[in-house]
Structures are given as structure tokens and as C-alpha cells.
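Below, each chain spelled out in residue letters.
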Amino acid sequence: MSGGSGPVGRSGEEAGEAATRQTVREFLRRVTERDPDRIAALYAEEVDWMVAENPAVPWIKPRPTRADVAGHWADLAAHTVNGEGWATVGAIVVDGPEAVVTGELGGTVAATGKTFRSPFALRLTVENGLITRHHVYEDSLAVAAACTPDAAA
């Protein structure tokens, strides 16, 4: 019997998890730079993108390609007040190619001047160093409310 330190194949899993974690951390770093093309470069050509659609939120819509992902980040920047968006990361959990990032996010919508704040969970799948799945779970009602102008009195 060999004197290995863990189950057979575990070192391969750890290497895969390290690569996933590295891609997720790079994604988070690039998001803070606010460069849509650099963020999108971390995505595969085709993406399983899911954010709860809401017609009141102009940046939330289907984004099945890398170019669409760049469009998301450009739309988000165009519709929110620069310097007033923020996110805090509570945890990053990685299991093989899967990662979940939890935290809280917020910002100010340019058209209304209203702020939003929401807890979030972001599920990412990383394959060959690229993000292939991007599913966001957030308080979409809070974001939509910030995007909706107040009714005239």
C-alpha cells in the first residue's frame, strides 16, 4: 500500500478547484475595473446566463454570448451612477468547476436617482479557464423599484 496523503484523484480535483477559484477571483477583480470587454474576455463564446428578467431594469436581459456579456456590463455602467455602485463579497465556495459567490450589492440608477441594495448569490461554472454559466439570484424587486420613476403627484 502506498503512503499517499489522500484519496486517489484528489490532487486533480484540488487543481481544478484552484483554477476555478483563480478565475472567479480574476472575474471579481475585473468587475471592480468596470471594463466590459476585459470582464467579458473571461467568458466562453456561449454562456448559460440567467438573471431574473424585469422590463423595468434596462441592463437585465438574456446574454447568451461573450459579446452580450460585454453589453451587460456596458449597459449597467450606462444606467447607474459612476462611483456609487458597490458590492461586498461574503463567501466564495468552490466545488470542482462550480463556484458560488455570496454578498451584497448596491448602486444608484442614473435616470431616477434612486438607490438599490440587495443580497446576492452568483453561481458560476468555469470550464477551461472560462466562465460558461452565470446565474444571479438577487432582490430583483428592489432593483426594479430603483429603476421605476415615481408617479406624478
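Residues numbered from 1 in each chain as written. Predicted model: local features only at pLDDT ≥ 70, side-chain atom pairs only at ≥ 80, totals over all residues. Heavy atoms only, no water.

Caption draft 1: Here's a closer look at the sheet that holds strand β5 (residues 130-138). Pairing is mixed across the open sheet formed by five strands, whose spatial order is β1-β5-β4-β3-β2. The open sheet has two edge strands with one neighbour each: β1 (43-51) and β2 (86-95). Taken pair by pair, the neighbouring strands of this sheet meet at an average axis angle of 20°, ignoring direction. Judged from the nine bridges that link them, β2 and strand β3 (residues 98-108) form a sheet pairing that is antiparallel. Following the sheet pairing, Ala 91 is matched in β3 by Thr 102. Helix-sheet contacts for helix α3 (residues 66-79) involve β1, β3 and β5, and the interaxial angle to β1 is about 55°. Sheet strands in contact with helix α4 (residues 140-147) are β4 (115-127) and β5, and its direction is about 125° off that of β4. (Pairing = 2+ DSSP bridges. Helix = DSSP H or I, 4+ residues; strand = E, 2+ residues; numbered from the N terminus. Axes fitted to C-alpha atoms, helices over the stretch in contact; angles between N-to-C directions. Contact = heavy atoms within 4.5 Å.)

Caption draft 2: Region of the structure containing the nonpolar core. Residues Phe 27, Tyr 43 and Trp 59 are the most contacted members of the largest nonpolar core, which totals 32 residues. A per-element tally of this core places β4 first, with five residues. (Core = buried A, V, L, I, M, F, W, Y, C linked by side-chain atoms within 4.5 Å. Buried < 20%, exposed > 50% of the residue type's maximum accessible area, 1.4 Å probe, protein only.)

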